[in-house]
Every structure is written in C-alpha cells, then in structure tokens.
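Structural overview
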There are 2 protein chains.
Amino acid sequence: MLSQTAEYALRTVLYLAARQGDELHRVSEIAEDLDIPQNYLSKTLHLLARAGVLTSSRGKHGGFRLSKPPSKITLAEVVAPFDGPTGARICLLGRVACSDKDPCPAHGRWKSVSNEVSTFFRETKVSDLLESPVARVKRA
Amino acid sequence: MLSQTAEYALRTVLYLAARQGDELHRVSEIAEDLDIPQNYLSKTLHLLARAGVLTSSRGKHGGFRLSKPPSKITLAEVVAPFDGPTGARICLLGRVACSDKDPCPAHGRWKSVSNEVSTFFRETKVSDLLESPVARVKRA
DNA sequence: GATAAACATCATACGACGATGATAATTTAA
DNA sequence: TTAAATTATCATCGTCGTATGATGTTTATC
C-alpha cells in the first residue's frame, strides 16, 4: 500500500511522536531502533523536513524532531512527499478523465472504496495512533 | 493502486466481457483498441491464461477469450497474478506480524479501511462492472 | 583553532517493472 | 507442402525505487 520510503517516514514520525519532547533524535539512533538503513533514512528525513513535518539541526548534538504537535500532523502530510496524494488517483482503470459525469465501468463501485482510503490518510492524525497500547517495539 | 500490468489485464477482461460471445480476439486487435503495447500485452494475457481467467488459441484465427462467464470471475482473480493478493497485506507499517492480538499502532484504524479494499476485489465480479455506470450500488 | 559529531550530499549499484524487437512454434488454408 | 497468421518466447533496454559507501558541511566542545 505504501512505498517502502513512505513507510519509513511514517514509522519515524510515530517514533518521534511517542517520545514527544522537543529533544532531537539522531538518525543513527532512529535507524538502529527501527531497523532502517541509516543513509537512506537520512535522505528521507531530509525530505520530510523540507515538507515541514520535521525540523532538523546540524552539527554536534543535532538531529530531528517533529515541527509541530502530533495532533496537527495528518498521515497524508507524512506520506505525500513520497507517494503523492494517496488514494487520490480515483480511476481504477487509469483513465485520465473519469468522473461522475464521464465514468469508467468501475467508477460507481470503486469510488466509495477509494474515498475511504483517501479520507483515512487525510483525516487521521499522528496523535490518533499514539493511544495504541503497543506503540513502541524494540526489535531483537 | 493497481500496477500498470494489472490495469492492462483488467481492461482486457472487461473488453472481452463486453463482447461476450465465445469468439476469439487477437492481441493485435485488443492492443490497438485499448492502446496497450502489443508485445507486452501478449505476455500479460499469456499469464492470465495460465491463471485460468482466459483461454488462448494459437495459429491462424487464434486469439483469446474468457474461460468462464463474467459472473464467475472476480476482480481479485484478474489482478492477483500481477499484484498479488490486493489489500491483503494489512499492516500499514510493514510489520510481518501484525494482528488483533499483536497490533501495530495503526492496526485498529487501518484494518477496516484495508478490509474494504480487499473485499471490493474479492467480491466484485466482472459482470458487476458491465451494467454500465450508475447502476444502483447497494452499499449503505 | 582543532577535533569530533552529526546532518547533507554525491556517486554508484542492483533489481523490478514496463516496454520493444526479433525469433520460434503452432495452426489454418491455399 | 507451402504460406500466412497468430500466440509463445527470448534477449535487451530504460527508468525508478531502494540501498550502500564516501565525501562535504555545519556545529558544539575542548
């Protein structure tokens, strides 16, 4: 469903949100805890910072943190820089013009499903996923 | 949502279903009508035949046709050889073990959305998409 | 300043997907 | 039996996502 990169981004944002202070977290720390390739994550987080989701600090004692509270960050925001507008490409058959007025054969039935997906990403906040009992898992 | 190849497969199946006789249709004809690269479509349809969705005949006057009536073919069947079990990879965060008993942070909220997607592919029949646009959709 | 720690960036590589072109294999029909 | 039409298959290619390693740039501390 999500690209590998978007999944890395989302997992990192949840990781930071669960440690909610304003402290900076090093890429090396995040990469190790979440088992993600460090250099690749570095590039990914840089893009997330450019997108306004994270704030980065360079130099010794640098790192990344959320740029705003988890209740103000939607999943769509986190994922968009990598996967584009998730679920927004409505037409299942790839037609460029596919609308209620000019529908493809799948339009009527697919539309409602597609809408639910995009609504999920657009309306779910990072904070909504924190209440979960098992937010933090350290892997072996 | 679907890979390009899966989309080709689905469009071809709908094309054949709309011309529902038992007549064979040449790849060259389908490729031109649907604007799909011919050689690539050839490989794709071959796989669809191996999957039991189509029947192929070689030689002069050969071609492809559906191997069973459109009401017996689900979208999941058409798409599976290319995209795998659609929507079945439930965990949004890519965890291999993610279940009701051992849920990731997104599990609770993502599960219902994910289920709707996979249900759509599993239960929608090719024939459901033939009764053109805006037929009644029974969803609540 | 000098050094070390951290993010930023560059170059490269690998595989999968999408695509193209050529050739083989099969069947029909003259 | 030969020719033509058609699917089946093979070889190759370009692009993109993912990943690795090395190098640059910034900052804190001594």
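Because the structure is predicted, anything quoted here is derived from the model rather than measured.

Time to look at the state of the cysteines. Residue and element names in this part refer to chain A. Applying the stated criterion across every chain, the model contains zero disulfides over all chains. The closest cysteine sulfur to the non-disulfide-bonded Cys 91 is located on Cys 98, 3.6 Å from its own sulfur. When its relative accessible area of 8% is taken as the criterion, Cys 91 is described as buried.

So, on to the protein's contact with DNA strand D. The immediate surroundings of DNA strand D are formed by 25 residues, with A:Gln4, A:Thr5, A:Asn39, B:Val27 and B:His46 found nearest. Here a base oxygen of DNA strand D and a side-chain polar atom of A:Arg58 are 3.1 Å apart. Residue B:His46 places a side-chain N or O atom 2.5 Å away from a phosphate oxygen belonging to DNA strand D. Mapped onto the surface near DNA strand D, the elements with two or more residues apiece are helix H1 (4-18) and helix H3 (38-50) of chain A together with helix H3 (38-50), strand S1 (54-57) and strand S2 (63-66) of chain B. Considering every element that reaches the surface near DNA strand D, the biggest residue donor is H1(A), with three residues.

This part is about the packing of aromatic side chains. Here the structure, examined in full by the defined rule, presents eight aromatic pairs over all chains. Ring centres of A:Phe120 and B:Trp110 lie 5.1 Å apart, and the angle between their planes is 55°; on these two criteria the pair is classed as tilted. Taken together, the positions of A:Phe120 in helix H5 (residues 107-123) and B:Trp110 in helix H5 (residues 107-123) put the pair across two chains. In terms of burial, A:Phe120 and B:Trp110 fall into one category: buried. Geometrically, the ring pair formed by B:Phe120 and B:Phe121 is edge-to-face, given 5.2 Å between the ring centres and 85° between the ring planes.

Let us now look at the side chain of B:Thr124. Positionally, B:Thr124 belongs in the segment after H5. On the accessibility criterion, B:Thr124 (6% relative accessible area) is buried. At a separation of 2.6 Å, a polar atom in the side chain of B:Thr124 contacts the main-chain carbonyl oxygen of B:Phe120. Look past the residues within four positions of B:Thr124 in its chain and what remains in contact with it is A:Arg109, B:Ile73, B:Thr74, B:Leu75, B:Thr119 and B:Leu129.

Each copy of the sequence occupies a distinct position, and chain B is placed on chain A by a rotation of 180° and an axial shift of 0.0 Å, giving an RMSD of 0.1 Å. The superposition of one copy onto the other is thereby described by a two-fold rotation axis. Of the residues that chain B buries at the interface, 89% are likewise interface residues in chain A, meaning the two copies contact each other through the same surface.

What follows deals with empty space enclosed by the protein. Counted under the stated rule, the structure contains three cavities of 30 Å³ or more. The volume enclosed by the second largest cavity comes to roughly 40 Å³. As for the second largest cavity, its lining consists of A:Arg89, A:Ile90, A:Cys91, A:Leu92, A:Trp110, B:Met1 and B:Leu2. Of the residues in the lining of the second largest cavity, the class split is six nonpolar, no polar and one charged.

So, about the pattern of salt bridges. Residues and elements named next belong to chain A. Applying the stated criterion across every chain yields a total of eight salt bridges over all chains. A salt bridge links Arg 11 to Glu 7; the nearest nitrogen and oxygen atoms lie 3.4 Å apart. Of the two residues, Arg 11 and Glu 7 both sit in helix H1, four residues apart, roughly one turn of that helix. With respect to burial, Arg 11 and Glu 7 carry one shared label: buried. A salt bridge links Lys 111 to Asp 100, with the shortest nitrogen-to-oxygen separation between them at 2.9 Å. Taken together, the residues span a long stretch of sequence, with Lys 111 in helix H5 and Asp 100 in the loop between helix H4 (75-83) and H5 at a distance of eleven residues.

Here the focus is the protein's contact with DNA strand C. Residues in contact with DNA strand C amount to 25 residues; listed here are only the nearest, A:Val27, A:His46, B:Thr5, B:Tyr8 and B:Asn39. Of all DNA strand C atoms lying within 4 Å of any protein atom, the proportion belonging to sugar or phosphate reaches 74%. Take A:Val27: an N or O atom from its main chain is 2.7 Å from a phosphate oxygen of DNA strand C. A:His46 is positioned with one of its side-chain polar atoms (N or O) 2.7 Å from a phosphate oxygen of DNA strand C. If you list the elements that add at least two residues to the surface near DNA strand C, you get H3, strand S1 (54-57) and strand S2 (63-66) of chain A together with helix H1 (4-18) and H3 of chain B.

About the cut-offs
- Residues numbered from 1 in each chain as written.
- Chains lettered and ligands numbered in written order.
- Predicted model: local features only at pLDDT ≥ 70, side-chain atom pairs only at ≥ 80, totals over all residues.
- Heavy atoms only, no water.
- Disulfide = S-S within 2.5 Å.
- Buried < 20%, exposed > 50% of the residue type's maximum accessible area, 1.4 Å probe, protein only.
- Near = heavy atom within 4 Å.
- Polar contact = N/O pair within 3.5 Å; in protein donor to acceptor, adjacent residues only side chain to side chain.
- Helix = DSSP H or I, 4+ residues; strand = E, 2+ residues; numbered from the N terminus.
- Phe/Tyr/Trp six-rings, centres within 6.5 Å; stacked < 30°, edge-to-face > 60°.
- Contact = heavy atoms within 4.5 Å.
- Least-squares fit on C-alpha atoms with pLDDT ≥ 70 in both.
- 1 Å grid on protein atoms, 1.4 Å probe; cavity = no way out; pocket = protein on both sides within 12 Å on 5 of 7 lines; lining within 4 Å.
- Points joined across faces, edges and corners; volume = space filled by probe spheres on them.
- Nonpolar A, V, L, I, M, F, W, Y, C, P; charged D, E, K, R; others polar.
- Salt bridge = Lys/Arg side-chain N within 4 Å of Asp/Glu carboxyl O.

Scope: geometric values only; no functional claims are made or implied.
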